[in-house]
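Topology and contacts: notes
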Amino acid sequence: MASGLINANPVVYERKERQVRSVPTIIDEDAEELIDQQEIFDYIRDIQDPEHPYTLEELKVVTEDSIEVNDKKSHVSVTFTPTVEHCSLATTIGLCLRVKLMRSLPSRYKVDIRVAPGTHATEAAVNKQLNDKERVAAALENPNLMYMIDRCLEPTYYY
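What counts as what
- Residues numbered from 1 in each chain as written.
- Predicted model: local features only at pLDDT ≥ 70, side-chain atom pairs only at ≥ 80, totals over all residues.
- Heavy atoms only, no water.
- Helix = DSSP H or I, 4+ residues; strand = E, 2+ residues; numbered from the N terminus.
- Buried < 20%, exposed > 50% of the residue type's maximum accessible area, 1.4 Å probe, protein only.
- Pairing = 2+ DSSP bridges.
- Axes fitted to C-alpha atoms, helices over the stretch in contact; angles between N-to-C directions.
- Contact = heavy atoms within 4.5 Å.
- 1 Å grid on protein atoms, 1.4 Å probe; cavity = no way out; pocket = protein on both sides within 12 Å on 5 of 7 lines; lining within 4 Å.
- Points joined across faces, edges and corners; volume = space filled by probe spheres on them.
- Nonpolar A, V, L, I, M, F, W, Y, C, P; charged D, E, K, R; others polar.
- Polar contact = N/O pair within 3.5 Å; in protein donor to acceptor, adjacent residues only side chain to side chain.

1. Quick look at unusual backbone geometry
The phi dihedral of Lys-60 falls on the positive side, at around 55°, and the residue is not glycine. Within the fold, Lys-60 resides in the loop between α1 (37–44) and β1 (67–70). A relative accessible area of 43% means that Lys-60 is categorised as partly exposed. Positive phi, normally seen in glycine, also occurs at Ser-74, with a value near 55°. One can find Ser-74 in the loop between β1 and β2 (75–80).

Right, here's the structure in full:
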């Protein structure tokens, strides 16, 4: 690994086996589809880490247990754990999570992205930036940042 990496030797974990989801035989176009924790995890598990050639699942940055879904209130909360407490890419990882969910979920959902308590040196500042609409909108107007986010969201083929 290059010496300029923030976490040159991250711990890499085994990926969970994908669960096969049942598809209804009759599809009602007007029915609201229920979203659950597993579906959110399936959306975000393959996001690539911006620094390493591993997914957020492989680095245990996100786990199923770090996701809360309240479908009745149209609310999703994802808590992620950076691999090191001084990770300078924590905000980028949070933006990747937010963008992926914005692109994947119906617009009725409110999404909160947070750093796990006690896992980052500037946790409060990162959380504030990730959940402030104006700051997120400004960040997403930056073409260099969007290029990095889009690279992290490129599909991987682990099926």
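2. Some thoughts on the sheet that holds strand β3 (residues 110–115)
On the basis of which strands lie adjacent, the open sheet formed by three strands has the order β1-β2-β3 and mixed pairing. If you trace the sheet from one side to the other, it starts and ends with β1 and β3, each paired once. Pairs of neighbouring strands in the sheet enclose a mean axial angle of 10°, with direction left out of account. Against the sheet, α1 engages β1 and β2, with an angle of about 130° to β1.

3. Examining empty space enclosed by the protein
Scanning the entire structure with this criterion turns up one cavity of 30 Å³ or more. Counted as a void, the largest cavity has a volume near 70 Å³. For the largest cavity, the lining is made up of 14 residues, of which Asp-49, Glu-51, Thr-83, Cys-87 and Ile-93 are closest to its centre. Residue composition of the lining of the largest cavity, grouped by class: nine nonpolar, three polar and two charged.

4. Comments concerning the side chain of His-52
By the secondary structure assignment, His-52 is in the loop between α1 and β1. The buried category is assigned to His-52, whose relative accessible area is 5%. A polar contact of 3.4 Å, which involves the side chain of His-52, links it to the side chain of Glu-51.

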